[in-house]
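Below, each chain spelled out in residue letters.
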Amino acid sequence: MANQTKTPALYLAEYETPNAIALAAMKVRDAGYQNWDCHTPYALHGMDEAMGLKPTRIGIISFIFGMFGVGLAVFMMQYTNAFDFNLLNVGAGYPLVIGGKPPGAFPSMVPIMFELGILLCGFATLFGMLRLIKLPMHNHPIFESDRFEAASDDKFFISIEAGDQKFDLERTKALLEATNPTHLELIEEEVP
Amino acid sequence: MTRRKSYELSPGKGPSMWRTLEDKNAEPEELQKLAQEEQPGGFITDLLSPKALVSRRSFVQGSSIAALAAGLQGCVRRPENEILPYSKAPEHLVPGVSSHFATVTARGRDSLGVVVTSHEGRPTKVEGNDQHPTSLGGTDVRAQAYLWDLYDPDRSQSPARRNGNALVNVSPEDFEKAIDALIKKHEADQGASLRLLSPISNSPTFRRLQTKVLERFPNARFHTYSAVNDDNARSGGRIAYGEPLVPVYNYGGAQVIVSLASDFLGAEPGAVAAGARFASRRRLADPRAPMSRLYVVESNYTITGSMADHRTRMRQADVARFTEALVDQLSSRGVTQLAPLAEKLRQRSGGIDTSGLNTKFLSELAADLVNNRGQSIVVPGAGQPPLVHALALAINEAVGTTGKTYHLGPNLDPNGEASRKSIAELAKEIDQVSSLIMLGGNPVYDAPADVKFAELLGREGLTSVHVSTHRDETSALSSWHAPLAHELEAWGDQTALEGSISFQQPLIAPLYGGTIAIELLAKIAGEKTTKDHDLVRETQATGLDTQTKSMLRAGFPTEYTSDEQLWRGALHAGVFKRQPSDAKALLVESIVSAIASSQSPKPVGKGSVEVSFEPDPALWDGAQANNLWALELPAPMTKLVWDNAALLSPATSKALGVKNGQMLRLTKGEAKVEIPAWIVPGHADDCVTLTLGWGRTAAGRYGNGKGFDVNPLRTADGMDFTDGVTVEALREAYNLVQTQTHDRMEGRPIAIDATLDEYKKEPDFASYRSVDPVSTPPLWAQQDYSTGHKWGMAIDLNACTGCNACVIACQAENNIPSVGKFEVERGREMHWLRIDRYFVGDDENEPEVAVQPVTCQQCEEAPCENVCPVNATTHTPEGLNDMAYNRCVGTRYCANNCPYKVRRFNYLDWHGHLDDEFGWFEDFPESRKLQFNPNVTVRMRGVMEKCTYCVQRIEEGKIAAKRDGRALKDGDIKSACQQACPTKAIAFGDLNDPKSAVAAWTAVNRNYKLLAEIGTRPRTSFLARIRNPNPKLKGNG
Amino acid sequence: MSYDAPIKELGETSLLPEGTTRNDITETIAGVTENPAPRGWWLLFLLSVSVLGVMGAALAYLFIQGVGVWGNNAPVYWAWDITNFVWWIGIGHAGTLISAILFLFRQKWRTSINRFAEAMTVFAVLCAGLFPAIHTGRPWFDYYLFPIPNQMDMWPNFKSPLMWDVFAVSTYLTISVIFWYVGLIPDFATLRDRSKNLTRKRVYGFFALGWRGAHRHWQHYERAYLIFAGISTPLVLSVHSVVSFDFATSVVPGWHTTIFPPYFVAGAVFSGFALVMTLMLICRSIFKLQNIVTIKHLDLMNKFMLGVSLLVGYAYAMEFFIAWYSSNPYEQWVFFHNRLGWGQLDSKGNWGPLWWAYYAMVFCNVIVPQIFWFKRARTSIPIMFIASILINIGMWFERFVIIVTSTYQDFLPSSWGMFHPTLIDILTYLGTFGLFFTLFLLFVRWIPMIAIAEVKGNLPGAHPDLHALEAHDEEPNAAAAPVPAE
């Protein structure tokens, strides 16, 4: 370890109450930081405004994939039951006479269209969300802090990452101290 | 008797058949080599695993078509005297293409001509022979089932001799030595202490050798015994004509038919041809067509009774009185020929007692007979006493027309004895007997109880030899036993009642080296040749020579001239036809004296119950008691499987206070039988019907202990029916199992019928009752089947008698397993084709019966297909509703959605689980595997199956037509059920072919579709049944 | 939106005792997973595991012998297998429905039950899914039911309602699991952060996906959760409609009915609520949730069940009306003979032999709930407990009646039959309870059974009031001063 140098990763300020962190968040927002975040044990309502976040786009993703699911269902059923050509060599579908009905009968396909739409919408929502919030990410410098464990219990934290272009060891520290946190620390990460 | 040696190769001697030119021109040595390569290997022998019951060698003998193909004669008996294929000439060598052979199976003194399908030398299916006068293309239940007996795993497989209480196997040579010793022993005393016992035989060769034996042993004696026999009919013939002549009726030529307790569509000899002829006059295309009227007088409800237009139930004993009263009525209505008889009957003490008879019915019946004089038949039942037969012959002479409505068969067996007398005399003379040779039969089980045959066999110093297919009850008590060859394993010749002679060809070498009756006889008679084929040839050459030639010239094109050609021609067709014999004069005097010597039958008092005996439709007298197909075949009226029961009427059951399945104890003297009761609506009161053939103790693994043995009640003087039996109801109940538990239609339009008058008033009544909604505009574009083939089936309910032949035919053709009583009880029977039987009418004592064969209707808009998640059942362009077994997952959704409930599911591995409990019978006998039809998949556990319209036959037919470069014509393709049907009630073919029978039937106005209102658009349609009641009689008479 | 006060009309005190801190919540809920399991849990667990073993044995026998070991026969090709399937899937409906719908209506008190309601759904659907899989004749070919490209070019038949089932049920299971898991992520993080030993940390850490509680996460997370709630609701309704199509689209009299989809959904919600009720009453007393799930809540649920039972009863009645009105002899037979028994006697004057099943169903589903007209019954724990159990029995009979008494006497009297269950039928059914409770007990033991994060969000002053803050922005250490709850 000794030969390893440490570089600052982020500042971690700790607060006791929702209001405190909200107030602090507004200050950091006004200071114009981008690469920072609030860590709370539950979803604090109103923080979007306090942090000045843009509304999420997850809904659009879900919608698009849901519709894609519907389309996929129609294609799958028509391809396998109503036509006989071989696409991409996945095996040819072919029309069969089933109970004397037309092979491509549409009404009987509605339920599966719906179900597949829901299914893909669900997957899209899950993975879309994980993508947007860049999880899973099992390791993060913030976990270096011993106090941070309380973030999932009852404490509130603001972290400003060194990656932010306005980040400056001194000025950022001053800014955070001005929001009088109950505790403030600099997290460093080791670079080999 | 000589064991068959394998024939050494002798070039030129073999038939001129070859597979390739090389084979033909090959040198003997090469042929030898070929032979070696040919016999052991090959696809046939691969069928047999090491533990096969059939030795590969014997099997190759039987099935060495390959050897035959190469023109070889290695280790085969057949090349020596080859049998000829029925329709497909030597091409039958192509593996996978079946060949067909004409042969014949015995029916007591009658015979039934059949065609047997053979795959690679394995007989797999029995069909009717349309060139044979006793078959006319149809078969009966027993003909369909007897194939199974060939592969019965419990057949006796080696000779045995008695050692203490058990039979120990001996080598065939030892057995032959023993026989030789026996013969030598009797040469001394001219056979004074030698007796032979055999079932009724219809074989000229058998009779020829019989006389030969008697020439060698003048003091020996032949006895004849069959549990189900024609004693009465022959004695009746003796009375009426002085010799044992039996009439053959032409139901097609008759307008009025009266059955005096005769089940001529079921149990009587000649039933198959009878069915065809009977139906010919009932198959109405339009209301104005002539339709015969059938009156039936009987005690049990038989399938003949179910076809009746008027049926009156009475006890067997009363039928005699009814007949006499009928004679009286007729003579009083101006039938002068009968006057002397009526006269005598009235004079006789007691006169004619009509008390308790339905006189209204009687007089209207008589009137109907007189009005249709010259085209009427009166048919006496085999169970009726000789006098009834004689009177019936007299009546027929009067109201019928010889040659038109009936003709007398030739006197085939002038000195044949009556079974019941013959066996009784054997019992009487048993003291003088030291050796008894029994050629088949099972007297210990089925001989009259008072003969006590078991005790006879047990006597000190009696050497008994029993030759039979199974080691049965009789073998167990005999000193020697030898396996008897199956009919399909031996050469033979058989006569039919109407006189034709047919040839029994072996399709396979005896699987277990069985003895052949005529060979054994020849040996005893000391004949030079003891080979069945030569013996038959000899008979035909000498005994029947002239007659035979005349027959053949009548029956066949003249290019057949040489004896050899005649012989081949006969084998090819399977029959020598025969012109009807010229009429005989009726001996009125002898009938009169017979009447005089008889005392007039009295109406039986209420107190005592009459018991009558009937052969089981499938098991017959017990000969087929180990036959799985027969055991699981639902009885036509009761739908009972795996058991027999005491059948009685609802009224009688109330009087006795018994419920279905409750045990009864029938007692006569010290004879006792305990058997469960079964209530049959329409059965006569105060009498009980018992079925023979059940309760075997040494039938085999399947038949043992199934059902109840009723023979203890059967005595020599009461073989048909007996009186004075006391019936007591026991407390315990027995579990009887039916395939159809609900026997009413609940007012639904299912098996639709109408009277002839209604039909005239409203010719398309059927389509009103079962409405097809095709008229309503469809919601989607309909499939177009107007081009190519459009398979369809039509079933004429007016012709169908519900005889069940089609059920077993389907089972044999399609490798359908039997599942056992326990599973049938849970509704899991597998028959693709079932025959629904409904009782019609409110009076449970006088119900009418409607039968309806139901199988897959091949719906054009099949509900089953829509719901199959894996496309395992889909439609072909020809409109067949196909099952892809390999694709089936077994959700059973299709079966739920089938309104006809014709789909069958393999809930368990039926080939491993024929059970009364799970896994009762684990391994599947090798020999039974030989029976399977190679063109039909053997379904595994968890797969749905159903009728396919015999798609394998459809394809076979199409391929054949294509190969011959001709268009498929109607009749090329016959479904198994259609082929088997004796009455031709089923038409199958191409609905797009306007000339096809099925298209014609579909156009008939009484055609309707089952459950049409559901909109399934079935391909199978039914022709509603028409009843032709006498307007002057109400209801059932 | 901020903290909303307890609903006085519901008799809600504030959901948690006054002065409960966030840490208290964490301690109580997470504690359950950390402290050694109580003896009671072990007893129950061993019991249900052994019952699960019984199911294993029954299934083994089934696979070795074939479906024939059940009582299914001809014409009753479906019996207990599909009955159990529909019953379990019905139960599986309430969980997601409750959780999703209450979420959409912003019912805070859902936080007390939604977690185990969802768990119940997942486990019930697992039990349900078992039956279609094992009821086939050749289960090893079940994969034929999925559209897998194969060298035989064989495709499933998408016209078959059974295919729709495959998609509906598998979709439902997947979505339910996801919905459940997404809700769990923050709580897994809590457990991760509290875990003392490395294994726990690794395991929970793995499932927590590295959750840091960052608000940029919370923002997307909450919307995603809302979407799940949004799609789950129609999904729930669709699934049982599709299950009902299995019957409604057939030709079998008694199945071929347009009323089935709503009828089945009502039935599903009915049985689902009944089982939630049963389990909730148990958990309520065990985990002392009396003031989270108040009598008033139970009272409301009982009213709801009364309403649904009236719906179901209406469906029963309507079936009879249609049967009579259609004058279709086959359908009339099914209803008046097979079910009502005396309504139409057969020609021998007999009742339909399975009438008792129909009466059991009506008694449990229609008669019993009527007791909830009385407030006394609605508020009495024992009564509602027994009632909820009876209702579940009744709902099982409903499916049995629909499936068996329709098929055992359908069109052709010649093929009418009867159904008798075998021992294996019974063991297989009981076995599924083993599966259900084993999973449920494991869940209770290892997974926070109440949504920690969400409950915290319901504390007084859980959320900042920005406007108030803007007001006294300038004052120093104002933030430190607690802001009074509105």
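Numbering of residues starts from 1 in every chain and runs along the sequence as written. By the order in which they are written, chains take letters starting at A while ligands take numbers starting at 1. In keeping with the predicted nature of the model, local features appear solely for residues at pLDDT of at least 70, side-chain atom pairs appear and are counted solely at 80 or more, and the whole-chain, interface and lining totals rest on all residues. Neither water nor hydrogens contribute to the side-chain values; these are computed over all heavy atoms in the structure.

1. A look at the sheet that holds strand S19 (residues 575–576) of chain B
Residue and element names in this part refer to chain B. Note the threshold: Whether two strands pair comes down to DSSP finding at least two bridges between them. Under the scheme used here, helices are H or I runs from DSSP no shorter than 4 residues and strands are E runs no shorter than 2 residues, and both carry numbers assigned from the N terminus. We call two residues in contact when some of their heavy atoms are within 4.5 Å. Orientation is described by axes fitted as lines to C-alpha atoms, over the contacting stretch for helices, and by angles from 0 to 180 degrees between their N-to-C directions.
Strand order in the open sheet formed by three strands is S17-S18-S19, with antiparallel pairing between adjacent strands. At either end of the open sheet lies a strand with only one pairing partner, and these are strand S17 (492–495) and S19. Where strand S18 (residues 501–504) lies against S19, two bridges are found, and the strand directions are antiparallel. Of the residues in S19, the one forming a bridge with serine 502 is valine 575. In the packing of helix H21 (residues 532–541) onto the sheet, the strands contacted are S17, S18 and S19, and the crossing angle to S17 comes to about 45°.

2. Observations concerning the pattern of salt bridges
Residue and element names in this part refer to chain B. Worth spelling out the cut-off: Here a salt bridge means any side-chain nitrogen of Lys or Arg lying within 4 Å of a carboxyl oxygen belonging to Asp or Glu. A 1.4 Å probe rolled over the protein chains alone gives each residue an accessible area, and that area as a share of the maximum for its type sets the label: buried under 20%, exposed over 50%, partly exposed in between.
A full pass over the atoms with the stated rule returns 72 salt bridges over all chains. When the shortest N-O distance is used, the salt bridge between glutamate 343 and arginine 346 registers 3.6 Å. Residue glutamate 343 and its partner arginine 346 are located together in helix H13 (residues 339–347), separated by three residues, close to a single helical turn. With relative accessibility at 39%, the residue glutamate 343 sits in the partly exposed group. Here arginine 346 falls in the partly exposed class, since its relative accessible area comes to 41%. Linked by salt bridges that have partners in common, Arg195, Arg221, Glu417, Glu425 and Glu429 make up one network.

3. Considerations on the interface of chain B and chain A
Note the following rule: Values labelled buried area give the accessible surface lost by two parts on being combined, using a 1.4 Å probe and summing over both. Each residue gets one label: Ala, Val, Leu, Ile, Met, Phe, Trp, Tyr, Cys and Pro are nonpolar, Asp, Glu, Lys and Arg are charged, and the others, such as Gly, are polar.
Taken residue by residue, the interface counts 13 residues in chain B and eight residues in chain A. Together, the buried faces of chain B and chain A total about 910 Å²; carbon and sulfur atoms form 55% of this surface. It is B:Trp780, B:Gln783 and B:Asn866 that lose the most area in chain B upon contact with chain A, and together they represent 49% of the buried surface on that side. Residue assignment for the side of chain B that touches chain A shows that the elements contributing at least two residues are helix H31 (863–867) and strand S32 (873–875) of chain B. The element best represented in the side of chain B that touches chain A is S32(B), accounting for three residues. Grouping the constituent residues of the side of chain B that touches chain A by class yields four nonpolar, six polar and three charged.

4. Regarding the interface of chain A and chain C
Stated formally: In the analysis that follows, any N or O atom pair within 3.5 Å is treated as a polar contact, provided that within protein one partner can donate a hydrogen and the other can accept it, and provided that, for residues neighboring in sequence, both atoms belong to side chains.
Counting residues at the interface gives 79 residues for chain A, matched by 71 residues for chain C. Around 6,600 Å² of area is buried between chain A and chain C when both sides are counted, 65% of it from carbon and sulfur atoms. Between chain A and chain C we count two salt bridges in total. With a shortest N-O distance of 3.7 Å, A:Glu149 and C:Lys201 are connected by a salt bridge. Connecting chain A to chain C are 32 residue pairs in polar contact (both at pLDDT 80 or more).

Any functional reading would require information that these geometric values do not contain.
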